[in-house]
Amino acid sequence: MCNKIIHLTISKRRYGGGVYGSYISKLSGIETEALIETNSSNKFVKLLQFIINLYRFSIKHKRATVIRNLDGCFFMKKSQKNIVVFHHHHPVKSNKLIALYQKFVYWNFLKKFSKFDKVVVVSRYWQKHFEELGYFNTELIYNPFDINLYRKRRDNTFNDFLMKYSLDPHKPIVYIGNPQIEKGADIAYEALKDLDIQMVSTGIKHIDLPVIHLELSFDEYITLLQISTISVLMSRINEGWNRVALESILCGTPVVGSGKGGMKELLVGAKQYICEEPKKLREIVVEVLKKPVVDEYSMEYAYSFSLERFNRAWEELLYEDKR
């Protein structure tokens, strides 16, 4: 019988899969163990520490229930109960070595798929993807959202934000996400650059675009989403889900997105706007700007992805053999 439930983590990132993992770590009865502790910027040093710590962990915890991500699917023991969290797979194109590593990790994951006790996916898209490959030991547990964090701010908060970042209160704000090729910020810019709008990006910056780029705290980021007229998220990758899209809806901001991967399920479910062809983006955005409203149905859909739903699903998965 497994004595402990341990969540293996690698990165402390607070977006995408990192946010999902942080909520797993907050579950009752979960221990969290970090595999990379160094602050070194050297990727080889980090990889070496990761491999050593993962090997040591597997020797030390032979009888544990282990929650892993794709990187952690090595040195597994038959005596362990292994649960893998899968978000999405899309090797980066900007770095050949990293892309090669990501492909290797995914190959290893598929090779061992049938040996996992369960693979947790975050959208129907990826669950269907694995079923088509002949793998059925999956569990769909959606991304969680702390609904209270998205409650509407006061007007003076909006005014202060606009003044702080020199934004025009009389011109529509279009949020285009992270300025990265993978996230399609360049697609949004090229399609919308001649409109009388303010395009804003945030977060990790990989490409330079002539838009307003802001480095924000999480609270300010939510304020931005709430004062934005529309979010345009033209991701090129097959998303696991898309936290920004659902956060936008929670903030009452309509979304136009590419619908790649799991994002399509989200946009269809929330009755938002899918633009699969970049050449049609401008036309769709212009129409949405005429009436940028998120209706009650869409809000209720977004509210359904609560922490309570997430916690209940994980508790049922982790303790199903004890019921």
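Since the structure is predicted, the reported quantities are computational estimates derived from the model, not experimental observations.

S.K.: What should I look at first to understand the side chain of Ser 258 in this one?
M.R.: Locating Ser 258 in the fold gives a position in the loop between strand E11 (255-257) and helix H9 (263-269). In terms of polar contacts, Ser 258 uses its side chain to reach the backbone carbonyl oxygen of Ser 235, at 2.7 Å. Apart from residues no more than four positions distant in its own chain, Ser 258 is found in contact with Leu 233, Met 234, Ser 235, Met 263, Ile 274, Cys 275 and Glu 276.

S.K.: Can you walk me through a nonpolar patch on the surface in this structure?
M.R.: A contiguous nonpolar patch, built from Leu 47, Ile 51, Tyr 55, Ile 59 and Phe 75 and spanning about 420 Å² of accessible area, is present on the exposed surface. Relative to the elements of secondary structure, Leu 47 occurs in helix H2 (residues 43-60).

S.K.: Can you help me understand the packing of aromatic side chains in this one?
M.R.: The relative placement of two aromatic rings is captured by the distance of their centres and the angle of their planes. Within the structure shown, the criterion is met by 28 aromatic pairs. Measuring from ring centre to ring centre gives 4.3 Å for Phe 113 and Tyr 135, while their planes differ by 15 degrees; the resulting arrangement is stacked. With Phe 113 in the loop between helix H3 (96-111) and strand E5 (118-121) and Tyr 135 in the loop between helix H4 (124-132) and strand E6 (138-140), this pair connects stretches of sequence that are 22 residues apart. Taking the relative accessible area as the measure of exposure, Tyr 135 reaches 22% and is therefore partly exposed. Each ring, one from Tyr 175 and one from Tyr 221, has its centre 6.3 Å from the other, and the planes form 65 degrees; the classification is edge-to-face. Here the residue Tyr 175 occupies a position in strand E7 (residues 173-175), and Tyr 221 occupies one in helix H7 (residues 218-227), the gap between them amounting to 46 residues. The burial state of Tyr 175 is the same as that of Tyr 221; both residues are buried. Counting every residue linked through ring pairs, the aromatic cluster contains Phe 86, Tyr 106, Phe 109, Phe 113, Phe 116, Tyr 125, Trp 126, Phe 130 and Tyr 135. Sitting above the plane of the Tyr 303 ring, Arg 151 keeps its charged end 5.7 Å from the centroid. Taking NZ or CZ as reference, Arg 243 lies 4.0 Å from the ring centre of Phe 145, over its face.

S.K.: Explain the packing of helix H5 (residues 155-164) against H7 here, please?
M.R.: A pair of packed helices is captured by two measures, namely the crossing angle of their axes and the spacing between those axes. Axis separation between H5 and H7 bottoms out at 10 Å; the angle between their running directions is 100 degrees. Here H5 is positioned roughly perpendicular relative to H7, judged by the angle of their axes. On H7, the residues that touch Thr 157, Phe 158, Phe 161, Leu 162 and Lys 164 of H5 are Glu 220, Thr 223, Leu 224, Gln 226 and Ile 227. For the contact of H5 with H7, the class distribution of residues is five nonpolar, three polar and two charged.

S.K.: It is not clear to me how unusual backbone geometry should be interpreted in this structure. Could you clarify?
M.R.: The phi angle at Phe 75 is positive, at roughly 55 degrees, despite the residue not being glycine. Relative to the helices and strands, Phe 75 resides in the loop between strand E3 (65-68) and strand E4 (81-86). Residue classification places Phe 75 among the partly exposed residues on the basis of a relative accessible area of 35%. The phi angle at Lys 271 is positive, at roughly 55 degrees, despite the residue not being glycine. The topology assignment puts Lys 271 in the loop between H9 and strand E12 (273-274). Take Lys 271: its relative accessible area is 52%, and that puts it in the exposed class.

What counts and what doesn't
- Residues numbered from 1 in each chain as written.
- Predicted model: local features only at pLDDT ≥ 70, side-chain atom pairs only at ≥ 80, totals over all residues.
- Heavy atoms only, no water.
- Helix = DSSP H or I, 4+ residues; strand = E, 2+ residues; numbered from the N terminus.
- Polar contact = N/O pair within 3.5 Å; in protein donor to acceptor, adjacent residues only side chain to side chain.
- Contact = heavy atoms within 4.5 Å.
- Patch = residues over 30% accessible without salt bridge, like charges linked within 9 Å, V, L, I, M, F, W, Y side chains within 5 Å.
- Areas by Shrake-Rupley, 256 points an atom, 1.4 Å probe, with all protein chains shown as cover.
- Salt bridge = Lys/Arg side-chain N within 4 Å of Asp/Glu carboxyl O.
- Phe/Tyr/Trp six-rings, centres within 6.5 Å; stacked < 30°, edge-to-face > 60°.
- Buried < 20%, exposed > 50% of the residue type's maximum accessible area, 1.4 Å probe, protein only.
- Lys NZ or Arg CZ within 6 Å of the ring centre and 35° of its normal.
- Axes fitted to C-alpha atoms, helices over the stretch in contact; angles between N-to-C directions.
- Parallel < 35°, antiparallel > 145°, perpendicular 65-115°, else oblique.
- Nonpolar A, V, L, I, M, F, W, Y, C, P; charged D, E, K, R; others polar.

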